[in-house]
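Next come the chains, spelled out residue by residue.
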Amino acid sequence: MSLRLTVIGAGTMGAGIAQVAAIHGFSTTLCDLSADQLSTAMSSISSSVEKGIDRGKTPPEARDLVAQGLSTETDLLKACADADVVIEAVPEDINLKNKIFGTVESVVSSHAIIASNTSSIPISKLASSLSAPERFIGMHFFNPVPVMSLVEIIRGEKTSESVID
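Residues numbered from 1 in each chain as written. Predicted model: local features only at pLDDT ≥ 70, side-chain atom pairs only at ≥ 80, totals over all residues. Heavy atoms only, no water.

### A word on the environment of Arg-135
Inclusion rule: Numbering of helices and strands runs from the N terminus, with a helix taken as a DSSP run of H or I at least four residues long and a strand as a DSSP run of E at least two residues long. It only takes one pair of heavy atoms within 4.5 Å for two residues to be counted as in contact. Definition of a polar contact: a pair of N or O atoms within 3.5 Å, with one able to donate and the other able to accept a hydrogen when the atoms are protein atoms, and with sequence-neighbouring residues admitted only if both atoms are side-chain atoms.
Along the chain, Arg-135 falls in the loop between α6 (123–127) and β6 (136–141). Sequence spacing of Arg-135 and Ser-116 is 19 residues, and the spatial spacing of their C-alpha atoms is 11 Å. Beyond its immediate stretch of four places on either side in the chain, Arg-135 contacts Glu-105, Val-108, Ser-109, Ser-110, His-111, Ala-112, Ile-113, Ile-114 and Val-163. Here the side chain of Arg-135 touches Ser-109 through a polar contact of 2.7 Å, landing on its backbone oxygen.

Structure, rendered in C-alpha cells:
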C-alpha cells in the first residue's frame, strides 16, 4: 500500500514537493485555497516533467505517474482526511501555519505525520500548538525541488523516533 501524501500550498515549493512525491509513486493531493493557483501549479508540474524527460533526467513513465497519482483539492479537510503524511508549504507566517496545523490535526488519523517545509520558524515552536507534537517534523526541501535531491529533516524537541524514521 502506498502512502497517501497531502501537500498544502501550491506555490513553487508545494508544487515541486507534490511533483516529486507523485513521480516516486506516492498518491499525492496538492491543496490550495485558490483553484487558479492549483491550475497554475499543475501546468508548471506538467512542464517540469516534460523538460525533465526531454533532458533525459526524468523517466518517461513520470508523465503517467503524475497523471495518475497527483490530484488537487481546494478543501483542506477533504485533502487531509485520508493522508498518512501532510506537508505544509505555505508562506512563512506562523499564525497561518498554526491555523492550518490545527485544522489538519483535527481531521487526520492518529498515525499521520504532520510536517512543515519552513525554513525560518523553529520546528518546536510550530509543534507546540499541536496536541500531539511528537508526530510533527520539519522537512525542508530545497528549490527547485525536482532538481535538488536534498531534504533537510528537522527534529522538534518532542518529535518521536518513529516519525524521524
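Moving on, there is more to tell.
### A look at helix α2 (residues 35–54)
Stated precisely, the cut-off is as follows: A helix's residues, less one, multiplied by 1.5 Å, set its expected span. Burial classification: accessible surface area is computed with a 1.4 Å probe over protein chains only, and a residue below 20% of its type maximum counts as buried, one above 50% as exposed, and the rest as partly exposed. For this quantity, the arc is that covered by the directions from the helix axis to the C-beta atoms.
Between the first and last C-alpha of α2 there are 29 Å, a value that for 20 residues agrees with the 28 Å anticipated at 1.5 Å per step. Inspection of α2 places Leu-38, Ala-41, Ile-45, Val-49, Gly-52 and Ile-53 among the buried residues, and these make up the whole buried set. Each buried residue of α2 lies within a common arc of 105° when the element is viewed along its axis, so the set occupies one face. Exposed side chains of α2 directed beyond 90 degrees from the buried face belong to Asp-36 and Asp-54. Against α1 (12–23), β2 (27–31), α3 (62–69) and β3 (70–73) lie the buried residues of α2. The N-cap of α2, judged by a side-chain oxygen 3.3 Å from the amide nitrogen of Asp-36 a few residues on, is Ser-34. Immediately beyond the C-terminal end of α2, within one or two residues, lies Gly-56, with a positive phi of roughly 75°.

### Observations concerning the nonpolar core
Quick note on the threshold: Note on terminology: a nonpolar core comprises buried Ala, Val, Leu, Ile, Met, Phe, Trp, Tyr and Cys residues joined through side-chain atoms within 4.5 Å.
The biggest cluster of nonpolar side chains holds 28 residues, and the ones touching the most others in it are Ile-17, Leu-30, Ile-45, Val-49, Val-66, Leu-70 and Ile-87. Breaking this core down by element, the ones donating at least two residues are β1 (4–8), α1, α2, α3, β4 (85–88), β5 (113–116) and β6. A total of six residues in this core trace back to one element, the largest contributor, which is α1. Contact partners of Ile-17, with chain neighbours within four places excluded, come to Val-7, Ile-87, Ala-89, Asn-117, Phe-141 and Val-145. Among the nonpolar cores identified, the runner-up in size contains 20 residues, and Cys-31, Ile-121, Leu-130 and Phe-136 belong to it.

### Quick look at the pairing of β1
As a reminder, the rule being used: Should DSSP find at least two bridges between two strands, the strands are regarded as paired. Think of it like this: strands point away, you trace from the first strand over the helix to the second, and a clockwise trace means the crossover is right-handed.
For β1, the tally of buried residues reaches four of five residues, placing the bulk of the element in the interior. Here β1 pairs with β2 via five bridges, running parallel. Residue pairing across strands places Arg-4 opposite Ser-27, the latter belonging to β2. As a crossover connection, the stretch from β1 through α1 into β2 is right-handed. In this sheet, β4 lies alongside β1 in parallel orientation, the contact comprising four bridges. The residue of β4 that forms the bridge with Thr-6 is Val-86.

Shape descriptors only; they carry no functional weight alone.
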